Number of protein chains: 2
Amino acid sequence: MRTVKQAIAYFYDKHKRMPTFSEIAEMTGYKSKSAVSYALDGLIKEGFVKKDAKGNLIPGRLDPVRVLGLVEAGFPSPAEEELSDTMSLDDYLIENREATFMLKVKGDSMVEAGIHDGDMILVERGGKYREGSIVVAEVDGEWTVKYLRKSKGKAFLEPANQEYDPIYPKDSLVVAAVVKAVIRKY
Amino acid sequence: MRTVKQAIAYFYDKHKRMPTFSEIAEMTGYKSKSAVSYALDGLIKEGFVKKDAKGNLIPGRLDPVRVLGLVEAGFPSPAEEELSDTMSLDDYLIENREATFMLKVKGDSMVEAGIHDGDMILVERGGKYREGSIVVAEVDGEWTVKYLRKSKGKAFLEPANQEYDPIYPKDSLVVAAVVKAVIRKY
DNA sequence: ATTATATTAGAACGTTCGTTCTAATGCAAC
DNA sequence: GTTGCATTAGAACGAACGTTCTAATATAAT
């Protein structure tokens, strides 16, 4: 039999909604909703789950990722682990969902900025940028990711790789989106 | 007034649960649950939301990130945009939530692998690794992120930076976790 | 203007929800 | 063994759920 915590986490992961009391009872082996109700009181105090203004069950500390500190600090003991902050990567990385897109990077023109061939970038369309921002831009009809620079009031793009040259627009340079994050999955 | 789509997306983002029909009605200006019910029929056909086996509303294509292709392909038109695949970064990056942690990297010993000072790494404790994997390990009491290498049957750690030397364990080398992803937020 | 079609409001319905009460059971301390 | 406390089962409850029906309204086509 699963613990209540495991059951809720598993269910939420799988169904993208919180389980009902009956469903929790079924998963954990409880034979009454009331037992679940009392068990949940504890988890609510603990912050593992919450109830919103309408009394509906919502996730508390059951976001998928546990956030630790520096690598040098190593891993916590199982007891400390329970107390780790949790986080959703979606919430961490996305500010404006309507404007956020994921794109794949080809080539090594930004390697010195830590953006490698095949990396995914999270970009925000219409996001704020300034000189030095990494942007997705359309220069004379071609789309690229580069540093945005300015010289004598004119904008141009600069790669992060010695072997490539800066790109000075002949006709047009339109900044379409700003790179907000880089994600590389192994 | 918001459209039904906007209302649901907003509500799900904010409350981490799907709204009820009444709540959708309130947000969109509908004055009856039945109108919402019929409106949802369309969105279900479209795949924007779904119903699970028990008839409960669950997210369909309202994951927070729209996935495009290569940077070179640029952005789609608003019409095509509607059809873009969506994704949750949590689902994309996390396989085993129980074993997944996020850590912060200090130093530049892995820059040539595209891991910079201040980057976050997603690691899986007890994950499978082999020679060449980037791992979080404890060597003689010190925690670090490095390439795992082998020489004459003995494991050692190799930085991705010319200026650093490989680390050959005096007493012990324990691989605690495998780096599954690198995340850099600007 | 008339007709046909789609959309919306409102009420009614059965179902399921979470809470709460009482009673039974399990467990620990003494 | 006995007492006291916490946990669980089961039933009952009102509230809210989503569906469905009918009637009214809006929209479009002719």
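Residues numbered from 1 in each chain as written. Chains lettered and ligands numbered in written order. Predicted model: local features only at pLDDT ≥ 70, side-chain atom pairs only at ≥ 80, totals over all residues. Heavy atoms only, no water.

A. Quick peek at the side chain of Glu124(A). Residue and element names in this part refer to chain A. Among the secondary structure elements, Glu124 is positioned in strand β6 (residues 120-125). Here Glu124 falls in the buried class, since its relative accessible area comes to 11%. Ignoring sequence-local partners within four residues, the contact set of Glu124 consists of Glu95, Asn96, Ala99, Ala177, Val178 and Lys180. (Helix = DSSP H or I, 4+ residues; strand = E, 2+ residues; numbered from the N terminus. Buried < 20%, exposed > 50% of the residue type's maximum accessible area, 1.4 Å probe, protein only. Contact = heavy atoms within 4.5 Å.)

B. Representation of the interface of chain A and chain B. Residue-level contacts link 72 residues of chain A with 72 residues of chain B. Sorting the residues of chain A by area buried against chain B places Val71(A), Phe75(A) and Arg97(A) first, and these three jointly supply 13% of that buried surface. For the interface between chain A and chain B, the tally reads eight salt bridges. With a closest N to O distance of 2.7 Å, Asp52(B) and Arg17(A) form a salt bridge. At nine residues, strand β10 (residues 173-185) of chain A tops the list of elements feeding residues into the side of chain A that touches chain B. Along the lines of polarity and charge, the residues of the side of chain A that touches chain B split into 41 nonpolar, ten polar and 21 charged. (Buried area = accessible area lost by both parts, 1.4 Å probe. Salt bridge = Lys/Arg side-chain N within 4 Å of Asp/Glu carboxyl O. Nonpolar A, V, L, I, M, F, W, Y, C, P; charged D, E, K, R; others polar.)

C. Focus on the protein's contact with DNA strand C. Around DNA strand C sit 15 residues, and of these Phe21(A), Lys33(A), Lys51(A), Lys31(B) and Ser34(B) come closest. Sugar plus phosphate, as a fraction of atoms of DNA strand C within 4 Å of the protein: 56%. Here a base nitrogen of DNA strand C and a side-chain polar atom of Lys33(A) are 2.7 Å apart. Within the residue set of the surface near DNA strand C, elements represented by two or more residues are α2 (21-28) and α3 (33-46) of chain A together with α3 (33-46) of chain B. Considering each element in turn, the surface near DNA strand C owes the most residues, four residues, to α3(A). Within the surface near DNA strand C, the residues separate by chemical class into five nonpolar, six polar and four charged. (Near = heavy atom within 4 Å. Polar contact = N/O pair within 3.5 Å; in protein donor to acceptor, adjacent residues only side chain to side chain.)

D. Molecular detail of the relation of the copies chain A and chain B. Placing chain A over chain B gives an RMSD of 0.1 Å and needs a rotation angle of 180°, together with 0.0 Å of translation along the axis. Those values place the two copies in the arrangement expected of a two-fold rotation axis. (Least-squares fit on C-alpha atoms with pLDDT ≥ 70 in both.)

E. Region of interest: the protein's contact with DNA strand D. Within the structure, DNA strand D sits among 15 residues, and Lys31(A), Ser34(A), Phe21(B), Lys33(B) and Lys51(B) are positioned closest to it. In DNA strand D, atoms within 4 Å of the protein come from the sugar-phosphate backbone in 56% of cases. With respect to DNA strand D, the backbone of Lys31(A) contributes an N or O atom lying 3.0 Å from a phosphate oxygen. Counting residues per element, the surface near DNA strand D draws most heavily on α3(B), at four residues.

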